[in-house]
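# Notes for the structure review
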Amino acid sequence: MKKISILGSTGSIGTQGLEVAAESGGAIEVVAIAGNRNVELLEQQIRKYRPKIACAADEEAAKRLATAVADTSAKIVAGKDGLIEVATVSECDMVLSAIVGFAGLEPTVAAIRAGKNIALANKETLVAAGDIVMNLARERKIDIIPVDSEHSAIFQCLNGEKSIAPQVDHNKTDDSYVNNAKNYVNSLEKILLTASGGPFFGKTRGELENVTVEQALRHPSWSMGAKITIDSATLMNKGLEVIEAAVLFGVDIDDIEVVVHRESIIHSMAQFVDGSIIAQMSRPSMKHPIQYAFTYPRREFSPMERVDFKTLKTLTFAPPDEETFRCLALAKEAGKVGGALPVVMNAANEVAVEKFLQGEIAFLRIADIIEETMNKYSNVSCNGLEDIIKLDMEVRKTTL
Ligand code: NDP
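The structure reproduced in this document is the subject of the present report. (Residues numbered from 1 in each chain as written. Predicted model: local features only at pLDDT ≥ 70, side-chain atom pairs only at ≥ 80, totals over all residues. Heavy atoms only, no water.)

## Some details on the pairing of strand E6 (residues 117–120)
Convention followed: DSSP bridges decide pairing: two strands pair if at least two such bridges lie between them. Helical segments are the DSSP runs of H or I of at least four residues, strand segments are the runs of E of at least two, and each set is numbered from the N terminus. By convention, orient the strands away from the viewer: a clockwise path from the first strand over the helix to the second makes the crossover right-handed.
Relative to E6, strand E5 (residues 94–97) is paired through four bridges, and the arrangement is parallel. The partner of valine 95 across the bridge, within E6, is isoleucine 118. Read from E5 through helix H5 (residues 105–113) to E6, the crossover connection turns out right-handed. When E6 meets strand E7 (residues 144–146), the two strands line up parallel, connected through three bridges.

## A short note on the sheet that holds strand E4 (residues 75–78)
What counts here: Geometry is summarised by axes, namely lines fitted to C-alpha atoms with helices restricted to the contacting stretch, and by angles between N-to-C directions that run from 0 to 180 degrees. Contacts are residue-level and defined by heavy atoms, with any inter-residue pair within 4.5 Å sufficient.
Spatial strand order, E4-E3-E2-E1-E5-E6-E7: seven strands in an open sheet with parallel pairing. The open sheet is flanked by E4 and E7, the only strands paired with a single partner. The average undirected angle you get between the axes of adjacent strands in this sheet is 25°. Across the sheet, helix H1 (residues 12–22) lies against strand E1 (2–7), strand E2 (28–34) and E5, angled at about 155° from E2, the strand it touches most.

## Looking at the site of the ligand
Condition: One heavy atom suffices: a residue is near a molecule or strand as soon as one of its heavy atoms comes within 4 Å of it. Pairing of N or O atoms within 3.5 Å defines a polar contact, subject to two protein rules: one partner must be a possible hydrogen donor and the other a possible acceptor, and residues neighboring in sequence count only if both atoms are side-chain atoms. Here, Shrake-Rupley sampling with a 1.4 Å probe gives the accessible areas, and only protein chains in the shown set may cover a residue.
As a structural note, the neighbourhood of the ligand is formed by 24 residues, with Thr10, Ser12, Glu124, Asp148 and Gly225 the closest of them. One of the backbone N or O atoms of glycine 8 is found 3.3 Å from an oxygen atom in the ligand. In this structure, glycine 225 approaches the ligand through a main-chain N or O atom, which is 2.9 Å from an oxygen atom. Look at the ligand: alone it shows 910 Å² of surface, and the protein chains cover 84% of it. Looking at the shell around the ligand, the elements that each hand over two or more residues are H1 and helix H6 (123–140).

## A word on the nonpolar core
Spelled out, the test is: Among the buried residues, those of types Ala, Val, Leu, Ile, Met, Phe, Trp, Tyr and Cys that are joined through side-chain atoms within 4.5 Å form a nonpolar core. Each residue gets one of three labels from its accessible area relative to the maximum for its type: buried under 20%, exposed over 50%, partly exposed in between, using a 1.4 Å probe on protein chains only.
Formed by 127 residues in total, the largest nonpolar core has its most connected members in Ile144, Phe249, Phe294, Met345, Phe363, Ile366 and Ile370. Ignoring anything within four residues of it in the chain, the contact list for isoleucine 370 reads Met236, Cys327, Leu330, Met345, Ala348 and Asn349.

## Describing the pattern of salt bridges
For clarity, the threshold we go by: A side-chain nitrogen of Lys or Arg and a carboxyl oxygen of Asp or Glu constitute a salt bridge if their distance falls within 4 Å.
Taken as a whole and assessed by the stated rule, the structure comprises 32 salt bridges. One salt bridge connects arginine 365 with glutamate 372, and the closest N-O pair in it is separated by 3.0 Å. When its relative accessible area of 43% is taken as the criterion, glutamate 372 is described as partly exposed. In the salt-bridge network here, residues are joined through shared partners; they are Lys123, Asp148, Glu150, Lys238 and Glu241.

## Digging into helix H10 (residues 226–234)
For H10, a buried count of seven out of nine residues is recorded, marking the element as mostly surrounded by other parts of the structure. Of the residues making up H10, those classed as buried are Lys227, Thr229, Ile230, Asp231, Ser232, Ala233 and Thr234. Buried-residue contacts for H10 involve H6, helix H9 (213–216), helix H11 (236–249), helix H13 (326–337), helix H14 (341–357) and helix H15 (365–376). In the stretch just after H10, leucine 235 is the one whose phi turns positive, near 70°.

## Here we look at the packing of H11 against H14
Defined as follows: Throughout, the term roughly parallel applies to angles under 35 degrees, roughly antiparallel to angles over 145, roughly perpendicular to angles from 65 to 115, and oblique to all others. Two helices that cross are described as forming a left-handed crossing if the nearer one is turned anticlockwise from the farther one by less than a right angle, and a right-handed crossing if clockwise. Put simply, Ala, Val, Leu, Ile, Met, Phe, Trp, Tyr, Cys and Pro go in the nonpolar bin, Asp, Glu, Lys and Arg in the charged bin, and everything else, Gly too, in the polar bin.
With their axes 12 Å apart at the nearest point, H11 and H14 run at an angle of 155° to one another. Taken together, H11 and H14 sit at an angle that is classed as roughly antiparallel. Between H11 and H14 the crossing geometry is left-handed. In this structure, H11 contributes Met236, Leu240 and Ile243 to the contact, and H14 contributes Met345, Asn346 and Asn349. For the contact of H11 with H14, the residue count by class is four nonpolar, two polar and no charged.

## A closer look at the environment of glutamate 85
Tracing the backbone shows glutamate 85 in helix H4 (residues 79–88). Sequence separation between glutamate 85 and leucine 217 is 132 residues, and the spatial gap between their C-alpha atoms is 33 Å. When neighbours within four sequence positions are excluded, glutamate 85 is seen to be in contact with Ile53, Lys75 and Val77.

Take a look at the structure:
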């Protein structure tokens, strides 16, 4: 039996993670959960999934939760210390990192330090602190298994390739050393990262001037939390994913090509030096990559709807429009420059998206704000996790 802790249990990924565990026929047990503000849902989750520990946003929320579940044996914890407790609880083997945004970084790092394998949904962690996180994972010999569907796809496409690379260091590439593909899959030429294109695919800048929050939240193929849905509409999500892929698989930003694929059937592809391309396909459902991360290296049965090639007539592909959707180009630039710039870009994006969701700025202002902030902080540097946290806070305070 695998024992899992879930950070962000009340969110879109977190709730699906709980369902995957419940559907595993007892193979996966959830030992700890952390939500934030949604105390009612946390109460329901405690009653249904019986975790030993549950974390709420702060003391006040934790008090309400503790009162509501006083008849259960769950231990209720709060705030940052509570998140760390959920991430490091001794019983758990793997942490599903599914808090949204930069807030997911510290508990994820704590989990790695405690030797927990990570099922990683929180892409902002790798965008802001990719090198630190990956080095720590290698040092602790833990697996970071991607949950983002594109990265799970690439991870699956690379499965089985590592053993044929001539430079394999078998002392390092044991089963617990699965990331940094380019270093041992030296036959990998390029990653083809697919994108749905979001709700505004094909629109001009003029047409995007007055789009509403409601329109931006209407994603054509995925049902997700508000922040990532807006990121998908601006294509910042794809930009974050380019950086995430570069970090996870050890490839250059220029070796990652974004391909718009509206049907969301191919979740991404790996291209090899002999010209072969391996793609991973399935119906769009986040339960698939979540389950794969939980059960890796095994594949277990899933009741998920299958791709039916008798009814699926076409799969389409197009290049992304980086002039209209400038966030993708800005993220690639941040990824190429590296250092502190991805931290700045990520913080500015989180602030801008929140302002858009609150109706304070227009859709097209999101990219302007990110660009202005990146220009303002183009010369900063970061040395270590504390610097990154300080810089993130400073950028949030000064991003207008
Ligand atoms: P949601 O907004 O649906 O959920 C976010 C979760 O994080 C909630 O449990 C929320 O708690 C919690 N949370 C929010 N802020 C904090 C905080 N400051 N401290 C602690 N917990 C907090 O997000 P998603 O599930 O959509 O996304 C989660 C992550 O997974 C993101 O990084 C996203 O990019 C990534 N991802 C998501 C996909 C999806 O299909 N949704 C696909 C691929 C990646 P509460 O609600 O109780 O306040």
